[in-house]
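Residue-level structural notes
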Amino acid sequence: MVVIEVDRDFDRFDDLLGLHQWSKFVRNPTEEQSGKVTKVFWCTYNTGRLVQKNGWKRIDIQEHWFQGWHPNNK
């Protein structure tokens, strides 16, 4: 499970929340990917500190994780 922090000005929560079937957004999914889903739920913690106090470890995204990766999945 992952908790992400989203900017308070973000206005597309309807696009983000809910069930996402990988086969609908991954181009040419493998057989394994075709059956996978991601479920995104609203989190009731309203501060990053409260998340940490409840046992979650904060790991900031590192730019080098995405070197060589392209969002258009080619």
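For the structure, see preceding data.
Below is a short write-up of the structure. (Residues numbered from 1 in each chain as written. Predicted model: local features only at pLDDT ≥ 70, side-chain atom pairs only at ≥ 80, totals over all residues. Heavy atoms only, no water.)

**A short note on the overall build of the protein**
- From N to C terminus, the protein includes three helices and two strands.
- Shown N-terminal to C-terminal, the secondary structure of the protein runs as helices and strands in the order α-β-α-β-α.
- Expected size for 74 residues packed as a compact globule is a radius of gyration near 11 Å; at 15 Å, the protein overshoots this value by more than 25%.
- Projected onto its principal axes, the C-alpha coordinates of the protein cover approximately 40 × 30 × 25 Å.
- Counting only residues that meet the buried cut, the protein has 3% of its 74 residues in that class.
- Taking the intrachain contacts of the protein between residues at least 6 apart in sequence as the baseline, contacts between residues at least 24 apart amount to 34%.
- Summing over all exposed atoms, the protein offers an accessible surface of approximately 7300 Å²; the carbon and sulfur share of this is 51%. (Helix = DSSP H or I, 4+ residues; strand = E, 2+ residues; numbered from the N terminus. Rg over C-alpha atoms; globule rule 2.2 N^0.38 Å. Buried < 20%, exposed > 50% of the residue type's maximum accessible area, 1.4 Å probe, protein only. Contact = heavy atoms within 4.5 Å. Areas by Shrake-Rupley, 256 points an atom, 1.4 Å probe, with all protein chains shown as cover.)

**Observations concerning unusual backbone geometry**
- Positive phi is not limited to glycine here, since Asn 28 has a value of about 50°.
- Checked against the element boundaries, Asn 28 lands in the loop between β1 (18-21) and α2 (31-34).
- Given the relative accessible area of 74%, Asn 28 is considered exposed.

**Considering the packing of aromatic side chains**
- Enumeration according to the criterion identifies three aromatic pairs in this entry.
- Here Phe 10 and Phe 13 contribute two aromatic rings whose centre-to-centre distance is 5.0 Å and whose plane-to-plane angle is 85°, an arrangement assigned as edge-to-face.
- Taking the relative accessible area as the measure of exposure, Phe 13 reaches 24% and is therefore partly exposed.
- The interplanar angle of 70° and the centroid separation of 5.3 Å between the aromatic rings of Phe 13 and Trp 42 together place this pair among those described as edge-to-face. In this pair, Phe 13 is assigned in helix α1 (residues 13-16) and Trp 42 in the loop between β2 (37-40) and α3 (48-53), connecting sequence segments 29 residues apart.
- By relative accessible area, Trp 42 is classed as exposed at 60%.
- In textbook terms, an aromatic cluster arises when at least three aromatic residues are bridged by ring pairs, as seen for Phe 10, Phe 13 and Trp 42.
- The ring of Trp 22 carries the charged tip of Lys 36 above its face, separated from the ring centre by 5.8 Å. (Phe/Tyr/Trp six-rings, centres within 6.5 Å; stacked < 30°, edge-to-face > 60°. Lys NZ or Arg CZ within 6 Å of the ring centre and 35° of its normal.)

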